[in-house]
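Listed below, chain by chain, are the residues.
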Amino acid sequence: MKILVLNCGSSSLKYQLMNMQDESVLAKGLVERIGIAGSRIKHVRTGLDAVVRDTDIPNHKVAIKLVLEALLDPNHGALRDLSELSAAGHRVVHGGELFTTSVRIDADVIKGIEEVIHLAPLHNPANLQGIRAMMDALPDLPSVAVFDTAFHQTMPPRAFVYGIPYHYYEKDRVRRYGFHGTSHFYVAHRAAEILGRPVGELKIVTCHLGNGSSVTAVNGGKCVDTSMGLGTAEGVLMGTRSGNVDPSVMLFLMEQENDPKVVSHIVHKESGLQGISGFSSDLRDIEEEAEKGNERAQLAFDMLCYGIRKYIGSYAAAMGGLDAVVFTAGIGENSSLLREKVSEGLGFLGAHFDPSRNQVRGKEAEISAPGSKVKILVVPTNEELVIARDTRDLVGKR
Ligand code: ADP
């Protein structure tokens, strides 16, 4: 069974063709600058060099056509015929309260994704464009939507309702939703496998740390709290997003700028590591400059580590215990310095960090000391695999 996993943004499209017999990746690629000058497709068949094609790609329909062409190419493709494809799995950013699990896509599902566009005005329309383009190209191919928010739908109201008048929740559905759900789900379950214990009996804090970051409390395999909220700027400091700020700060910015769009840009694009350091949103640059004595870079780094550590402590308290802390995504998988600085204050919780096990990059590892009551793990995320598995399960074997 072969499944095409698609992640469509407004101007980009990532894809991965998976063979579900052994869950291997047959080919993957990226279409960039859709609708913008300089568009191109980069395609890699597993084991071969990347092939890049610069060509006009005005919309998602053309992007999908190029992806299918690349997959069928006799030299660097991975399919002889499109009939070998069993299904497409789409990443969809926001499912609101409508979608608590992955679903097979039909007209009602498309309507549902449209209904929550106001909650993700940049992402859901792009996801829908990808879904429609794929359905136009291959109308008989079953497709599945896997939502970034779905895993977090098990949070209890005390964790997801904000302390503002309740009618904003009742009428406008203003609440905590959380994001990166597919990643938190994957690494929590994988951590349980690595530890050889049923996920149902574990209290885990998963730290998905990339350009966007969120921390999640997973109790018994289910999300009970997460740091991102209605939108993607709440929680820990991020590349260009602010993380938690006092509502008074938002009011101050509104008074200063007098334009919600400008304030939104400040909070989403000019804050975080970028805003504090004044020169970069990339943690590699921040670490490098901090090492050379740049105080603002050091402050940005310290704020990030401190914020993550506070979430780990508060989620341990929220769950009434802690069995494992998991680091994942670009920063979590690669920055040994950040893992060290976050973990070194956690001994009081029974999480004893071992620096000698921490020099790992992008692979599964335990970085807690032998005998540590709480395990500290690095688990590379694999959202595509979750999407492919859910798609397989929902369309059945063919
Ligand atoms: P996205 O949220 O866009 O998917 P990623 O998960 O790819 O982002 O993470 C990007 C972040 O990972 C960047 O801040 C980058 O600096 C960081 N990162 C990648 N490699 C390293 C490294 N070796 N050391 C420190 N940070 C790293």
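Residues numbered from 1 in each chain as written. Predicted model: local features only at pLDDT ≥ 70, side-chain atom pairs only at ≥ 80, totals over all residues. Heavy atoms only, no water.

### A look at the site of the ligand
Argument step 1. Taken together, 13 residues lie near the ligand, and Asn211, Asp282, Leu283, Gly330 and Ile331 sit nearest.
Argument step 2. Between the ligand and leucine 283 there is a distance of 2.9 Å, counted from an oxygen atom to a backbone nitrogen or oxygen.
Argument step 3. When the ligand sits alone it has 580 Å² of accessible area, and the protein chains cover 73% of it.
Argument step 4. Looking at the shell around the ligand, the elements with two or more residues in it are helix H10 (283–291) and helix H12 (329–334). (Near = heavy atom within 4 Å. Polar contact = N/O pair within 3.5 Å; in protein donor to acceptor, adjacent residues only side chain to side chain. Areas by Shrake-Rupley, 256 points an atom, 1.4 Å probe, with all protein chains shown as cover. Helix = DSSP H or I, 4+ residues; strand = E, 2+ residues; numbered from the N terminus.)

### Comments concerning the packing of aromatic side chains
Argument step 1. One pass over the full model with this rule turns up five aromatic pairs.
Argument step 2. Plain terms: the ring middles of phenylalanine 99 and phenylalanine 147 are 4.4 Å apart, the flat faces sit at 5° to each other, and that makes the pair stacked. Here phenylalanine 99, found in the loop between strand S6 (85–92) and strand S7 (103–104), pairs with phenylalanine 147, found in strand S8 (residues 143–147); they are 48 residues apart in sequence, far enough to count as distant.
Argument step 3. On the accessibility criterion, phenylalanine 99 (8% relative accessible area) is buried. (Phe/Tyr/Trp six-rings, centres within 6.5 Å; stacked < 30°, edge-to-face > 60°. Buried < 20%, exposed > 50% of the residue type's maximum accessible area, 1.4 Å probe, protein only.)

### Section: the pairing of strand S5 (residues 51–54)
Argument step 1. With four bridges connecting them, strand S4 (residues 40–45) and S5 associate as antiparallel partners. Bridge pairing in S5 links isoleucine 41 to arginine 53.
Argument step 2. Count of turn residues in the S4/S5 antiparallel hairpin: five residues, of which glycine 47 carries a positive phi of about 95°. (Pairing = 2+ DSSP bridges.)

### A closer look at the nonpolar core
Argument step 1. One finds Cys207, Ile308, Ile312, Leu322, Phe327 and Leu338 to be the most contacted residues of the largest nonpolar core, which totals 38 residues.
Argument step 2. It is helix H11 (residues 295–319) that provides the largest number of residues to this core, a total of 11 residues.
Argument step 3. Those residues in contact with leucine 322 that lie beyond four places of it in its chain are Lys203, Val205, Ile312, Ala316, Leu349, Lys373 and Val374.
Argument step 4. Formed by 32 residues, the second largest nonpolar core is a distinct cluster that contains Tyr186, Leu377, Leu385 and Ile387. (Core = buried A, V, L, I, M, F, W, Y, C linked by side-chain atoms within 4.5 Å. Contact = heavy atoms within 4.5 Å.)

### Some words on the side chain of serine 280
Argument step 1. Positionally, serine 280 belongs in the loop between helix H9 (272–277) and H10.
Argument step 2. A residue is classified by how much of its surface remains accessible, and serine 280, at 7% relative accessible area, is buried.
Argument step 3. Here the side chain of serine 280 touches aspartate 285 through a polar contact of 2.6 Å, side chain to side chain.
Argument step 4. Not counting residues within four places of it along the chain, the set of residues in contact with serine 280 comprises Leu273, Gln274, Asp285 and Ile286.

### Some points on the UniProt feature "active site" (unreviewed entry) in the protein chain
Argument step 1. The feature "active site" (unreviewed entry), as given by UniProt, occupies Asp148 in the numbering adopted here.
Argument step 2. Its location among the elements puts aspartate 148 in the loop between S8 and helix H4 (157–160).
Argument step 3. Given a relative accessible area of 2%, aspartate 148 falls into the buried group.
Argument step 4. Excluding residues that lie within four positions of it along the chain, aspartate 148 makes contacts with Arg91, Val92, Val93, Gly178, Phe179, His180, Gly181 and Thr182. (UniProt positions renumbered as here; feature names shortened; annotations may be inferred.)

### Section: the sheet that holds strand S2 (residues 13–19)
The strands that make up a sheet pair up through hydrogen bonds in the backbone, lying either parallel or antiparallel.
Argument step 1. Ordered in space as S5-S4-S3-S2-S1-S6-S8-S7, the eight strands form an open sheet in which the pairing is mixed. Single-partner strands in this sheet number two, and they are S5 and S7.
Argument step 2. Taken together, the seven bridges between S2 and strand S3 (residues 24–32) define a ladder with antiparallel strand orientation. Its bridge partner being in S3, leucine 17 is matched across the sheet by alanine 27.
Argument step 3. Here helix H14 (residues 383–395) sits on the sheet in contact with strand S1 (2–8), S2, S6, S7 and S8, set at roughly 125° to S6. (Axes fitted to C-alpha atoms, helices over the stretch in contact; angles between N-to-C directions.)

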